[in-house]
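# Examining the three-dimensional arrangement
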Amino acid sequence: MAERKTSVRYSLLRLWVKLGLHIYFREIEVVGKEKVPKNVPVLFAVNHPNTALDALLTACFSPRHPWFLARGDVFRRDFMARIFRAFRMMPVYRERDGVAQVKENTEVFSKSARILARGGSLIMFPEGSHNRQWRIRDLRRGLARIATETVERNPDLVVIPVGITYFDPTYAFSDVLVQFGDPIKVSEVIGEPAHPVHRQDELMKLIGERLEEITLHIGDADYEDIYKRVKYLEQHEPGAEKLRDDFARLKKWIDECQNDPACGKAKEGELLKTVSRKTFPLIALIVTLPFWLIGKVFTIVPQLIIYGMVKKLKDDHFTGAVQFIAGLVMYTVLFIGIGVWSWFSTLTLFWFILKWGSLTFCMFFVMLWEEHFQNFRDRRFSRS
């Protein structure tokens, strides 16, 4: 059974968010999208390093139009709940949300299984919570529960592991690699009809192993030591042309550092410095200074608002998601507002296009300059 056609509202929302992601990230590289089947139920099992951005990247760059499960507490406000549901989000509650709400998960899981049984697709985060460490944590069994219920109705269900690697999960203008892994035919693992619970455990183990292959994974033993040694090695080599090559190199260094205690050890007395990407030529920045000043006048208010929102966050894991979502909304409103102002303050179509286009061009240089100085201040590790 083929996936149902999506609404015009969903398609437009997806296109809008996808455009925003291309602006927010310097580079998005997608690998393995061709592995995702089109006419069978697909359950995407995604690692979870960066809250909402993980779901948005998977939803926008997969060839399917998936539903996905999200933390129930973000649905408390009616306005936000309507927005989330428009983007095919369903709430999943945790014990801290209260026993009454946790009981609602049964219906959510059943609805998820019905969506999949009809040939749809669904995004899940089997780790259960977000964490930026280079590690796949123990997987929760909610995915196996949904998969089992689905297979009883539609034996064609496959699980696609998805690995998302952020080269800087906190700031804009960084790079992200999205990798779709090999499909896992669920009925071949748990049986058809579904076999006892231990077969579900086998499914979760296999998914965990596949996720470790397409993510940066360091075992529990000596995590901090190995992480620091890999970062040391990263500092001494320039970034590769492709993100997938950078990823493969980091995977190789992790393996080497885990097997060799001397690998990546800093020399005695050596000072470690972060490596930033290539910065823009000084002459180019001087020439574009007037454009930056004009663009800054129009963007200073949303920038201050976003800065204030980020400063109030208690969990900095949400920094990227807040920056992206708030920026997407406010800059869209700003872009439309400048267009309306340009239209009513000019007499001809030519001058409208010239004014609106020029101001949009200046807003681009605000991003260009701030990417340069973000690198210049060496606030982060990133690809060179």
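Up top is the structure these notes are about.
Keep in mind the model is a prediction, meaning the values are calculated, not measured. Going along each chain's sequence as written, the residues are numbered from 1 onward. Only residues with pLDDT of at least 70 get local features here, since the model is predicted, and only at 80 or more are side-chain atom pairs given and counted; chain-wide, interface and lining totals rely on the full set of residues. Heavy atoms throughout the structure, all of them, feed into the side-chain values; hydrogens and water do not.

## Considering the pattern of salt bridges
Basic side-chain nitrogens of Lys or Arg form a salt bridge, by our definition, when they fall within 4 Å of a carboxyl oxygen of Asp or Glu. A complete count under the given rule lists 14 salt bridges for this structure. The partner of Arg26 in a salt bridge is Asp175, and the shortest N-O contact between them spans 3.0 Å. Note that Arg26 is positioned in the loop between helix H1 (8-24) and strand S1 (27-31) and Asp175 in strand S7 (residues 175-180), a separation of 149 residues in sequence. Each residue is assigned to one of three classes by its accessible area relative to the maximum for its type, calculated with a 1.4 Å probe on protein chains only: buried under 20%, partly exposed between the two thresholds, exposed over 50%. Given a relative accessible area of 39%, Arg26 falls into the partly exposed group. As a salt-bridge pair, Glu29 and Arg244 come within 2.5 Å of each other at their nearest N and O atoms. Of this pair, Glu29 sits in strand S1 while Arg244 sits in helix H10 (residues 243-259), placing them 215 residues apart in sequence. Its relative accessible area of 6% is what places Glu29 among the buried residues. Through salt bridges with shared partners, one network takes in Asp225, Arg229 and Lys265. Going along the chain from the N terminus, every DSSP run of H or I of four or more residues is numbered as a helix, and every run of E of two or more is numbered as a strand.

## Brief notes about helix H12 (residues 289-311)
By this rule, a helix spans an expected 1.5 Å times one less than how many residues it contains. Spanning 23 residues, H12 covers only 28 Å between terminal C-alpha atoms, well under the ideal 33 Å at 1.5 Å per step. Note on bend: at a given residue it equals the angle between the axes fitted to the 7 residues ending there and to the 7 starting there. Of all bends in H12, the biggest is about 55°, found at Thr299, and the proline Pro302 comes one to four residues later. Within H12, burial applies to Gly295, Lys296, Thr299, Pro302, Gln303 and Ile306.

## Thoughts on the environment of Val322
Its location among the elements puts Val322 in helix H13 (residues 319-344). Of the residues examined, Val322 reaches a relative accessible area of 18% and is grouped as buried. Spatially, the C-alpha atoms of Val322 and Ala52 are 8.8 Å apart, while their sequence positions differ by 270 residues. Contacts are residue-level and defined by heavy atoms, with any inter-residue pair within 4.5 Å sufficient. In contact with Val322, not counting residues within four places along its chain, are Met309, Val310, Leu313 and Gly327.

## Focus on the packing of aromatic side chains
Pairing of aromatic side chains requires ring centres within 6.5 Å, counting the rings of Phe and Tyr and the six-membered ring of Trp. Pairs whose planes differ by under 30 degrees are stacked, by over 60 edge-to-face, and all others tilted. This model, assessed by the stated rule, comprises twelve aromatic pairs. Their ring planes at 75° and their centres at 5.6 Å tell us that Tyr24 and Phe324 sit as a pair that is edge-to-face. Taken together, the residues span a long stretch of sequence, with Tyr24 in helix H1 and Phe324 in helix H13 at a distance of 300 residues. Phe324 carries the same exposure label as Tyr24, and that label is buried. The structure contains a cluster of three or more aromatic residues connected by ring pairs, namely Tyr24, Phe25, Tyr166 and Phe324. When the NZ atom of lysine or the CZ atom of arginine is within 6 Å of a ring's centre and also within 35 degrees of its normal, the charge is said to sit over that ring. Over the face of the ring belonging to Tyr10 we find Arg88, whose NZ or CZ atom lies 4.6 Å from the ring centre. When the ring centre of Trp341 is taken as reference, the NZ or CZ atom of Lys355 above it lies at 4.7 Å.

## A look at the environment of Leu157
Residue placement: Leu157 occurs in the loop between helix H6 (142-151) and strand S6 (158-166). Look at Leu157 and you get buried, because its relative accessible area is 0%. Along the primary structure Leu157 and Ser121 are separated by 36 residues, whereas in three dimensions their C-alpha atoms are 9.4 Å apart. Not counting residues up to four positions away in its chain, the partners in contact with Leu157 are Pro41, Val42, Leu43, Leu116, Ala147, Thr150, Val151, Ile184, Lys185 and Val186.

## Brief notes about the side chain of Asp54
Relative to the helices and strands, Asp54 resides in helix H2 (residues 52-61). In summary, the charge assignment counts Lys and Arg as positive and Asp and Glu as negative, without counting His or the chain termini. Despite its burial, Asp54 pairs with no opposite charge; the closest candidate is Arg137, at 8.1 Å N-O. Dropping the residues within four chain positions of it, Asp54 is found in contact with Asn47, His48, Pro49, Phe125, Ile164 and Tyr166.

## Observations regarding the nonpolar core
Definition of nonpolar core: a set of buried residues of the types Ala, Val, Leu, Ile, Met, Phe, Trp, Tyr and Cys, connected through side-chain atoms within 4.5 Å. Ranked by internal contacts, the top residues of the largest apolar core, which has 40 residues, are Val17, Leu21, Phe25, Phe44, Leu57 and Phe87. Within the residue set of this core, elements represented by two or more residues are H1, strand S2 (42-46), H2, strand S3 (67-71), helix H3 (78-86), S6, S7 and H13. With seven residues, H2 is the single largest residue contributor to this core. Discounting residues that sit within four places of it in the chain, Phe87 has contacts with Tyr10, Leu13, Arg14, Val17, Leu56, Ala59, Cys60 and Phe68. In this structure, Leu69, Leu122, Ile190 and Met204 belong to the second largest nonpolar core, which totals 27 residues.

## Focus: the pairing of S3
One bridge is not enough; two strands pair if DSSP finds at least two bridges between them. Inspection of the sheet shows S3 paired to strand S5 (residues 121-124) by two bridges, in the parallel sense. By the bridge assignment, Phe68 is partnered in S5 with Ile123.

## Considering helix H5 (residues 105-117)
Taking 1.5 Å as the rise per residue, H5 with 13 residues should run 18 Å; its terminal C-alpha atoms sit 18 Å apart, in good agreement. Gly119 sits one or two residues past H5 and shows a positive phi near 100°.

## A closer look at a nonpolar patch on the surface
Residues qualify for a patch when their relative accessible area is over 30% and they have no salt bridge, like charges being joined within 9 Å and the nonpolar side chains of Val, Leu, Ile, Met, Phe, Trp and Tyr within 5 Å. Only the protein chains shown count as cover for residues, and the accessible areas themselves come from Shrake-Rupley with a 1.4 Å probe. Together, Phe335, Ile336, Val340, Trp343, Phe344, Leu349 and Ile353 line one region of the surface with nonpolar side chains, adding up to about 750 Å² of accessible area. Secondary structure elements with two or more residues in the nonpolar patch: H13 and helix H14 (349-376). Considering each element in turn, the nonpolar patch owes the most residues, five residues, to H13. Residue position: Leu349 is located in helix H14.

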